[in-house]
Amino acid sequence: MAQQRAFEYIQSGLTHFFRVPQSSPRPTSADAAVIGVPFDAGTTYAPGARFAPWEVRRASALIQPYHPVHSVDVFADLRVVDGGNAVFPPFDADAMRESVRACVSGWLDAGARPFVVGGDHSVALPVLRALARRHGPVAVLHVDAHFDTSGPETWGTEHHHGTPFRHALQEGLIAEGQLVQVGLRGAWAGPGERDLLAQHRARSIAMSEIDERGLPHVLAEVRERLQGKPVYISFDVDAIDPAFAPGTGTPVPGGLTTREALALLRSLAGHRIAGMDVVEVCPAADHAGVTSLLAASLLFEGLALAALQKHAG
Ligand code: MN
Ligand code: MN
């Protein structure tokens with residue numbers, strides 16, 4: 001679906017993701033739906049990510065359609081709609097998971113890939129459940145400062161923003177050996193932090209390893225490891241250094257630059273993209289909207305990968 005022209009969106013006074021039309025009910029002709037999930041009851045520190053869908057919509061109006069590196073007209077080649085926000089009481093995690101699973105399944109049945117704007121990272125689990133039901137276990141690029149494989153030991157609950165990938169691994173939603181994590185850093189809860197990941201042959205690439213080996217070598221490995229299955233990209237903006245992405249609830253010093261993040265996503269050109277999330281944007285902690293703009297730009301990179309794939313047939 002074409003983007004609204006600049007004067008059209010200014011006149012309407014409402015901003016949909018990337019100035020594309022909002023669709024309700026679901027059309028059968030969309031290739032991708034951008035869906036907001038306004039939920040932050042899974043945050044363990046600063047809340048506020050529930051407001052990200054509104055801010056990211058606003059920031060995304062700035063983004064033009066043509067990708068200069070992949071040479072694709074994203075919104076001409078890919079029919080993208082704003083799928084609205086998933087609806088549930090904002091304090092009810094069970095209802096959120098059911099709503100997101102049903103919403104994403106509906107879009108998948110209609111033939112559209114989900115591009116989800118959180119919300120905190122706990123919104124990724126129901127997306128992965130819907131995707132695995134459709135495709136079988138998927139390959140996952142998980143960009144994050146944190147492993148997100150915690151159990152109930154710290155907070156006494158199975159579900160919060162630090163647990164989605166433990167559930168995803170244990171439920172078999174991710175293809176064996178095809179969880180690739182990038183951006184990890186900071187202190188661990190204990191020496192066993194990577195045990196579950198090792199059991200599932202996940203590959204966890206810390207910032208220190210990127211410093212030692214250099215980004216090009218790491219990107220080549222990421223690309224290689226994610227081959228074969230459809231790839232889901234789960235992007236926690238706290239992977240980015242707080243200097244570039246201050247608007248997040250659990251910041252950790254020493255992260256990726258925004259340039260490195262763009263290079264990471266661009267390195268997946270030619271891969272089959274099953275969908276994407278961008279999570280943990282906390283507008284109240286942001287400065288000058290830079291983190292919301294980053295989130296919109298990351299989504300655009302993901303949409304460009306999908307457009308490239310469609311363009312190639
Ligand atoms: Mn996370
Ligand atoms: Mn994180």
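Residues numbered from 1 in each chain as written. Chains lettered and ligands numbered in written order. Predicted model: local features only at pLDDT ≥ 70, side-chain atom pairs only at ≥ 80, totals over all residues. Heavy atoms only, no water.

**What about the coordination of the manganese ion (ligand 1)?**
- Within the protein, H121 (ND1), D144 (OD), D148 (OD) and D236 (OD) serve as the donor atoms for the manganese ion (ligand 1), at 2.1 to 2.2 Å.
- Donor residues binding the manganese ion (ligand 1) come from one chain and are separated in sequence as H-x22-D-x3-D-x87-D.
- Separating the manganese ion (ligand 1) from the manganese ion (ligand 2) is a gap of 3.3 Å, which D144 spans by donating to each of them. Of this pair, D144 sits in the loop between β6 (138–143) and α6 (164–170) while D236 is found in strand β9 (residues 231–236), placing the two residues 92 residues apart along the sequence. (Donors = N, O, S within 2.8 Å, 3.2 Å for Na, K, Ca; no water. Helix = DSSP H or I, 4+ residues; strand = E, 2+ residues; numbered from the N terminus.)

**A look at the layout of surface pockets**
- Of the voids in this model, the largest pocket is the one considered here, and its volume is about 550 Å³.
- In this structure, the largest pocket is lined by 25 residues; those nearest its centre are T44, H146, S150, A187 and E193.
- For the lining of the largest pocket, the class distribution of residues is eight nonpolar, 11 polar and six charged. (1 Å grid on protein atoms, 1.4 Å probe; cavity = no way out; pocket = protein on both sides within 12 Å on 5 of 7 lines; lining within 4 Å. Points joined across faces, edges and corners; volume = space filled by probe spheres on them. Nonpolar A, V, L, I, M, F, W, Y, C, P; charged D, E, K, R; others polar.)

**A closer look at unusual backbone geometry**
- The linkage connecting G118 with the following residue, G119, adopts the cis geometry, with an omega of 5 degrees.
- You will see that F18, though not glycine, has its phi angle at about 55 degrees, which is positive.
- The residue F18 is located in the loop between α1 (6–12) and β1 (32–36) in this model.
- Positive phi values are uncommon outside glycine, yet A288 reaches one of about 55 degrees.
- Among the secondary structure elements, A288 is positioned in the loop between β10 (273–279) and α11 (290–311).

**Regarding the environment of G83**
- Position of G83 relative to the elements: it lies in strand β4 (residues 80–85).
- Judged by its relative accessible area of 17%, G83 falls in the buried class.
- For the pair formed by G83 and P114, sequence separation is 31 residues and the distance between their alpha carbons is 9.0 Å.
- Setting aside chain neighbours within four positions, we find G83 in contact with V34 and W107. (Buried < 20%, exposed > 50% of the residue type's maximum accessible area, 1.4 Å probe, protein only. Contact = heavy atoms within 4.5 Å.)

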